[in-house]
Amino acid sequence: MMDMSIAYGGSYTDNLIGTLLAIFGNVLVSISLSIQKYSHVTLAGTKDLRAFYRTKTWWCGFVLTCVGEGANFISYAFAPLALVAPLNAVSVLASSILGLIFLREKSKPKDFAKRYGLSFLGCLLTIGGTYLFVAFGPNSHEKLKAENIVNHLVGWPVLLYLLLEIITFCLLLYFYKQRNANSLIIILMLVALLGSVTVITVKAVSGMLVLTFEGTMQLDYPIFSVMFVCMVASVVFQASFLSQACKLHDSSLIASVNYILSTVLAVVAGAVFYLEFNKEDILHISMFLLGSAFCFLGVFLITKNRKKTKNFEPYVTMDMVNGVPTIHDKGLVVQPDSNCSFSYGALVNNDGVAPATHSVNLEQPPVRSRSSNASNGQPDLKRD
């Protein structure tokens, strides 16, 4: 009983350290991204011709990003995946609050509540869900030595899980590459499947590095090199698919759907690979799932209220007087245009330009007589 209490206490302390590190890292990443965006906006609003990477503000945000991601990386060595992975909702929550502070919009309380009511509800759900899955999440922690990782890797549940994941990934990749299936779910499922491999390898690499710093050398085992290579490769391909998704779909929808899919597969990977829920009862698992569902709904409501970026959809209008073509983007005139124009190339005339106000003279110009033209030595004009 004494040994079990000591092990439980050590596990509880490690989980607390990992959870606090993950929360600190996510908040720091959100602050750094806000600082970098502020640097870009400030630089664009001035006549400063310097590149963004030559400003102190951008470098300050970059350093904070590195520190935050480092804290997230170390947190995987102390806390289970089921606790660390859903804590990415803290980053979304902090970004929403910081964005509201940086905007500093002056609006009436009624308009403010109408515009940001869903975001406020999402923040409350995210905070409540975070408390639930942290309080009722798995409390088991294992020192990830190289031998333990190998034992987990060769178990039949892990091999079956990896086989199913590889088959699913290959099928989705076939439809995406050969069938041109650019659906958001397909792309983000590819990202989530790669993300599950990422979190498994990150936890293994982080755990072995922490043990090495504590005095137990783990870097000379082949499994460390295998996990490190898989970690780097999965991160690179994951970033590639995410960038392709951002080119095709709205960023706010990508943020919410990617968080949900990545968190679900990361929790499943932790349960299968590291056996994190083996010693948990039904009540704790149910409350953990309830907290995760609250976080999913909260993140969806927060990102749903963001402004969607408008794609450039040009069409052309012709000036009726001068015959000069003018390019529009949903009513925004790209080239100077007079108020007397009509549109073509669009099904609906939604350019917002007023109808023609100048009178157009449709009468034909007078044609000189043949005698007068002959006297002046000019050729006769042919009448239509």
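None of the values given here were measured: they were computed from a predicted structure.

Reading the values: rules and limits
- Residues numbered from 1 in each chain as written.
- Predicted model: local features only at pLDDT ≥ 70, side-chain atom pairs only at ≥ 80, totals over all residues.
- Heavy atoms only, no water.
- Helix = DSSP H or I, 4+ residues; strand = E, 2+ residues; numbered from the N terminus.
- Buried < 20%, exposed > 50% of the residue type's maximum accessible area, 1.4 Å probe, protein only.
- Areas by Shrake-Rupley, 256 points an atom, 1.4 Å probe, with all protein chains shown as cover.
- Contact = heavy atoms within 4.5 Å.
- Phe/Tyr/Trp six-rings, centres within 6.5 Å; stacked < 30°, edge-to-face > 60°.
- Axes fitted to C-alpha atoms, helices over the stretch in contact; angles between N-to-C directions.
- Parallel < 35°, antiparallel > 145°, perpendicular 65-115°, else oblique.
- Left-handed = near helix turned anticlockwise from the far one by under 90°.
- Polar contact = N/O pair within 3.5 Å; in protein donor to acceptor, adjacent residues only side chain to side chain.
- Expected span 1.5 Å × (residues − 1).
- Patch = residues over 30% accessible without salt bridge, like charges linked within 9 Å, V, L, I, M, F, W, Y side chains within 5 Å.
- Salt bridge = Lys/Arg side-chain N within 4 Å of Asp/Glu carboxyl O.
- Nonpolar A, V, L, I, M, F, W, Y, C, P; charged D, E, K, R; others polar.
- pLDDT = per-residue confidence, 0-100.

Visitor: Give a detailed account of the overall build of the protein chain, specifying residues and quantitative values.
Guide: Counting its regular elements, the protein chain contains twelve helices and four strands. Looking at the protein chain residue by residue over its 384 residues, the buried ones come to 38%. Carbon and sulfur atoms form 67% of the exposed surface of the protein chain, whose accessible area is close to 23,400 Å².

Visitor: Any chance you could break down unusual backbone geometry for me, citing the residues and the numbers?
Guide: For leucine 275, which is not a glycine, the phi torsion comes out positive at approximately 55°. For leucine 275, the location among the structural elements is in the loop between α10 (251–273) and α11 (282–304). Looking at leucine 275, the relative accessible area reads 39%, which means it is partly exposed.

Visitor: Run through the environment of leucine 64, naming residues and quoting values.
Guide: Tracing the chain through its elements places leucine 64 in helix α2 (residues 56–75). It is 6.3 Å that separates the C-alpha atoms of leucine 64 and leucine 28, two residues lying 36 residues apart in sequence. Beyond its immediate sequence surroundings of up to four residues, leucine 64 is in contact with Leu28, Ile31, Ser32 and Ile35.

Visitor: Explain the packing of aromatic side chains to me, using residue names and the numbers behind them.
Guide: In total, this model carries eleven aromatic pairs according to the counting rule given. Considering the side-chain rings of tryptophan 59 and phenylalanine 62, the 5.4 Å spacing of their centres and the 85° angle between planes classify their relative orientation as edge-to-face. Residue tryptophan 59 and its partner phenylalanine 62 are both found in helix α2; the two are separated by three residues, about one turn of the helix. A relative accessible area of 34% places phenylalanine 62 in the partly exposed class. Ring centres 6.2 Å apart and planes at 80° place the aromatic pair phenylalanine 133 and phenylalanine 288 in the edge-to-face group.

Visitor: Which residues make up the packing of α10 against α11, and what values go with them?
Guide: Packing of α10 against α11 leaves a shortest axis separation of 8 Å and a crossing angle of 165°. Judged by the inter-axis angle, α10 sits roughly antiparallel to α11. Where α10 crosses over α11, the handedness of that crossing is right-handed. Between α10 and α11, the contacting residues are Ser252, Ala255, Ser256, Tyr259, Ile260, Thr263, Val264 and Val267 on the first element and Phe288, Cys295, Phe296, Val299, Phe300 and Thr303 on the second.

Visitor: Could you give me a rundown of the environment of serine 234, with the residues and numbers involved?
Guide: Along the chain, the position of serine 234 falls in helix α9 (residues 222–248). When its relative accessible area of 4% is taken as the criterion, serine 234 is described as buried. In contact with serine 234, other than residues within four places in its own chain, are Leu194, Val197, Thr198 and Thr201. Looking at serine 234, its side chain comes within polar contact range of the side chain of threonine 198, at 2.8 Å.

Visitor: Report on α9, specifying residues and quantitative values.
Guide: Counting along an α-helix, one turn takes 3.6 residues, and residues three or four places apart therefore face a common direction. Given a rise of 1.5 Å per residue, 27 residues ought to cover 39 Å, and the 40 Å separating the end C-alpha atoms of α9 matches this to within 8%. Among the residues of α9, Ile223, Phe224, Met227, Met231, Ser234, Gln238, Phe241 and Ala245 are the ones counted as buried. Elements in contact with the buried residues of α9: α2, α6 (146–153), α7 (156–177), α8 (184–214) and α10.

Visitor: Break down α8 for me, with residues and values.
Guide: Between its first and last C-alpha, α8 extends 44 Å over 31 residues, near the 45 Å set by a 1.5 Å rise per residue. By the criterion of burial, α8 is predominantly enclosed, with 25 of the 31 residues buried. Looking one or two places after α8, you find glycine 215, whose phi comes out positive at around 120°.

Visitor: I'd like a description of a nonpolar patch on the surface, backed by residues and values.
Guide: A cluster of nonpolar side chains, contributed by Trp156, Leu160, Leu163, Leu164, Ile167, Leu171, Tyr174 and Phe175, occupies part of the molecular surface with about 850 Å² of accessible area. For phenylalanine 175, the location among the structural elements is in helix α7. Overall, the relative accessible area of 39% leaves phenylalanine 175 in the partly exposed class.

Visitor: Got a sec to walk through the packing of α8 against α9? Specific residues and values, please.
Guide: Contact geometry for α8 and α9: axes closest at 8 Å, N-to-C directions at 150°. As the angle between them shows, α8 and α9 are arranged roughly antiparallel. Considering the relative orientation of α8 and α9, their crossing is left-handed. A per-class count over the contact of α8 with α9 returns 23 nonpolar, five polar and no charged.

Visitor: Summarise the confidence of the model for the protein chain; cite the residues concerned and give the values.
Guide: The predicted model of the protein chain has a mean per-residue pLDDT of 78, with 73% of residues at 70 or higher. When the elements of the protein chain are averaged for pLDDT, strand β4 (residues 341–344) gives the smallest value, 36, and α8 the largest, 93. Scored below 50 in pLDDT, residues 367–379 makes nine contacts in the model with residues more than four places away or belonging to other chains.

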